[in-house]
Amino acid sequence: MTTGPLDDVRVLDLTRLLPGAYATLLLVDLGADVVKIEDPRGGDGMRTLGPLASGRHGFFERLNRGKRSVALDLRAPEAAAVLDALVARADVVVDSFRPSTARRLGVDAETLRERHPRLVCASISGFGHSGPYTERAAHDINYQALAGLLRPPALPGPLVGDIGAAMQAAIGILAALIERSRTGEGRFVDVPIHEAAIAWSMFPTTDDLMHACYTIYETSDGAWLALGALEPKFWRGFCERIGRPDLVALQRATGDDRARVLDEVRAIMRRRSRADWLETFADADVCLTPVSTREEAAVDPHVVARGGPSHDARRAPALGADTDAVLGEAGIGEDARSRLRAAGII
């Protein structure tokens, strides 16, 4: 079991899909006990997304390791008392519902904090809890489109709206817990994915920085290398190692010269294999790395030496695997659980 600064913090995760899952995973890695509340009829939709391995879907596995799963149908009237018993033992509740849905289910911050004022309630929603778009349906591609991040016809890469919202939620929750330690009161953390996507618009992209010193190069064996020689000292070392010191002065070339330098370096890099180039640059400090596959990245010597990205050895839970244990901890006895299970509520 992971230990960390949030060892005494319990989180109820009512979210679905990526943003909430990553937000609460960040809390898991800080030691929090995260209890994932899922609909008994299939659970989180992410359970069926992504590549299958050993009968499980990879994205769900990566984002939900170290958590516990409770099956609970929040739409059933009888679920309210069960949820309240769980909330009474929690420090944080995270949801990803539209505001009207959260109110209808009774999991909005106003409803929950009326009975539990110390509770920190974080809501990750598309457009936040105010404004004309607040009830609109959308996903990351829509938030990026509205934020001015897309460059058609190219599709976006990482889901930066979702990822950004997850990180903002985790930071907001941590700040609210610090504030509660001073005031004794929780607070509401409103995290719009749309605004998280807008935040990314302040950062440069690889295309903005792209020159011969900052791009990817194909090698003779069809593999690729990434060069990040932004600083002049790195570019100089790279040019000298490929035998073209004449290109040092053209690091920031524009127009025809920029295109010529790119074409010439591309031609040079295609003459040898990735392994040959990596050996040539093994002792060179120039920011040159292989472009790894996910499989290669997982066995990278540095990743292996640090124990990998997963700080918790527990796998993602099966749907409802911890229902009896968690409800028992909340004082809901075996007979009551049997009745709830027979009614399809857990």
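Chains are numbered independently. Their residues run from 1 in the order of the written sequence. Only residues with pLDDT of 70 or above have their local features reported here, since the model is predicted, and side-chain atom pairs are shown and tallied only from 80 upward, although totals for entire chains, interfaces and linings are computed over all residues. In computing side-chain values, all of the structure's heavy atoms are included and hydrogens and water are not.

**Considerations on the overall build of the protein**
Then step 1. Secondary structure elements are defined from DSSP: runs of H or I of at least 4 residues count as helices, runs of E of at least 2 residues count as strands, and each element is numbered from the N terminus. Looking only at helices and strands, one finds 16 helices and 11 strands in the protein.
Then step 2. Viewed in the frame of its principal axes, the protein has a C-alpha envelope of about 80 × 45 × 40 Å.
Then step 3. Among the 346 residues that make up the protein, the fraction classed as buried is 44%.
Then step 4. Whether two residues are in contact is decided by their heavy atoms: any pair within 4.5 Å suffices. The long-range share in the protein, meaning contacts at least 24 apart out of those at least 6 apart in sequence, stands at 70%.
Then step 5. To be clear on the numbers: accessible area is Shrake-Rupley with a 1.4 Å probe, and residue cover counts the displayed protein chains and nothing else. Surface exposure of the protein reaches about 17800 Å², of which carbon and sulfur atoms provide 54%.
Then step 6. The sign given to each residue is positive for Lys and Arg and negative for Asp and Glu; His and the chain ends receive no count. A charged residue contributes its charge at one atom only: NZ of Lys, CZ of Arg, CG of Asp or CD of Glu. Between the averaged position of the 42 positive side-chain charges in the protein and that of its 48 negative side-chain charges there is a distance of 1 Å. The buried label goes to any residue with under 20% of its type's maximum accessible area, the exposed label to any with over 50%, and the partly exposed label to all in between, with areas taken from a 1.4 Å probe on protein chains only.

**Points about the environment of Thr323**
Then step 1. Position of Thr323 relative to the elements: it lies in helix 15 (residues 323–329).
Then step 2. As a C-alpha pair, Thr323 and Ser123 span 200 residues in sequence and 23 Å in three-dimensional space.
Then step 3. Every residue in contact with Thr323, bar those within four places of it in the chain, is listed here: Ser69, Val70, Ala71, Arg341 and Ile346.
Then step 4. Here the side chain of Thr323 touches Ala71 through a polar contact of 2.9 Å, landing on its backbone nitrogen. Residues adjacent in sequence count toward polar contacts only when both atoms are side-chain atoms; beyond that, a polar contact is any pair of N or O atoms within 3.5 Å, and within protein one must be able to donate a hydrogen and the other to accept it.

**Observations regarding the sheet that holds strand 5 (residues 68–71)**
Then step 1. Judged by pairing direction, the sheet is parallel, and its 6 strands sit side by side in the order 5-2-1-6-7-8 without closing on themselves. At either end of the open sheet lies a strand with only one pairing partner, and these are strand 5 and strand 8 (188–192). Between one strand and the next, the sheet's axes are offset by a mean angle of 20°, whatever the strand orientation.
Then step 2. Being paired, for any two strands, means DSSP has found at least two bridges between them. By the bridge criterion, 4 bridges tie strand 1 (residues 10–13) to strand 2 (residues 33–38) in an arrangement that is parallel. Only C-alpha atoms enter the line fits that serve as axes; for helices the fit covers just the stretch in contact. Angles between N-to-C directions range over 0 to 180 degrees.

**Some thoughts on the packing of helix 7 (residues 160–183) against helix 8 (residues 193–200)**
The description of two helices packed together rests on the angle between their axes and the distance between the axes.
Then step 1. Their axes nearest at 8 Å, the elements helix 7 and helix 8 cross at an angle of 105°. Taken as axis vectors, helix 7 and helix 8 run roughly perpendicular relative to one another. Here Val160, Gly161, Asp162, Gly164, Ala165 and Gln168 of helix 7 lie close against helix 8, whose contacting residues are Ile193, Ala196, Ala197, Ala199 and Trp200.
Then step 2. Under this grouping Gly is polar, as are all residues other than the nonpolar Ala, Val, Leu, Ile, Met, Phe, Trp, Tyr, Cys and Pro and the charged Asp, Glu, Lys and Arg. Residue composition of the contact of helix 7 with helix 8, grouped by class: 7 nonpolar, 3 polar and 1 charged. An angle below 35 degrees is read as roughly parallel, one above 145 as roughly antiparallel, one from 65 to 115 as roughly perpendicular, and any other as oblique.

**Observations regarding the environment of Glu135**
Then step 1. Locating Glu135 in the fold gives a position in the loop between strand 7 (120–125) and helix 6 (140–146).
Then step 2. Exposure remark for Glu135: the relative accessible area of 29% places this residue in the partly exposed category.
Then step 3. Between the C-alpha atoms of Glu135 and Ala342, which are 207 residues apart in sequence, the distance is 34 Å.
Then step 4. Residues contacting Glu135, with those up to four places away along its chain left out, are Arg98, Pro99, Ser100 and Arg103.
Then step 5. Here Ser100 takes part through its side chain, which lies 2.7 Å from a polar atom of the side chain of Glu135.

**Let's talk about the nonpolar core**
Then step 1. By nonpolar core we mean a set of buried residues, namely Ala, Val, Leu, Ile, Met, Phe, Trp, Tyr and Cys, connected to one another through side-chain atoms within 4.5 Å. In terms of nonpolar packing, the biggest core is built from 36 residues, with Val11, Leu27, Val92, Val94, Ile124, Ile173 and Leu177 touching the most fellow members.
Then step 2. Residue assignment for this core shows that the elements contributing at least two residues are helix 1 (17–28), helix 2 (58–64), strand 6 (92–95), strand 7, helix 7, strand 8 and helix 8.
Then step 3. Sort the elements by how many residues they give to this core and helix 7 lands first, with 7 residues.
Then step 4. What Val94 contacts, discounting residues up to four positions off in sequence, is Val11, Leu12, Asp13, Leu14, Thr15, Thr24, Ala122, Ile124 and Ile173.
Then step 5. The next biggest cluster of nonpolar side chains, apart from the first, holds 31 residues, and it includes Ile37, Ala90, Val107 and Leu119.

**Concerning the side chain of Asp95**
Then step 1. Positionally, Asp95 belongs in strand 6.
Then step 2. For Asp95, the side chain forms a polar contact with the main-chain nitrogen of Phe97, separated by 2.9 Å.
Then step 3. In this view, Asp95 contacts Leu14, Thr15, Ala102, Val107, Ala122, Ser123 and Ile124; residues no more than four positions away in its chain are not counted.

**As for the packing of aromatic side chains**
Then step 1. Between the rings of Phe, Tyr and Trp (Trp by its six-membered ring), a pair exists once the centres lie within 6.5 Å; its type follows the angle of the planes, with under 30 degrees stacked, over 60 edge-to-face, and the other angles tilted. Counted under the stated rule, the structure contains 6 aromatic pairs.
Then step 2. Residues Trp200 and Phe203 carry aromatic rings whose centres are separated by 5.7 Å and whose planes lie at 75° to one another, so their mutual orientation is edge-to-face.
Then step 3. Judged by its relative accessible area of 44%, Phe203 is partly exposed.
Then step 4. Ring geometry for Trp277 and Phe281: centres 6.0 Å apart, planes at 40°, overall tilted.
Then step 5. Exposure remark for Trp277: the relative accessible area of 3% places this residue in the buried category.
Then step 6. Assessed through its relative accessible area of 5%, Phe281 is described here as buried.

**Quick notes on the state of the cysteines**
Then step 1. Throughout, a disulfide means two cysteine sulfur atoms within 2.5 Å of one another. Applying the stated rule across the entire model yields 0 disulfides.
Then step 2. With no disulfide of its own, Cys213 has Cys239 as its nearest cysteine by sulfur position, at a separation of 8.9 Å.
Then step 3. Cys287 takes part in no disulfide bond, and the closest cysteine sulfur, belonging to Cys213, lies 10 Å away.
Then step 4. The partly exposed category is assigned to Cys287, whose relative accessible area is 34%.

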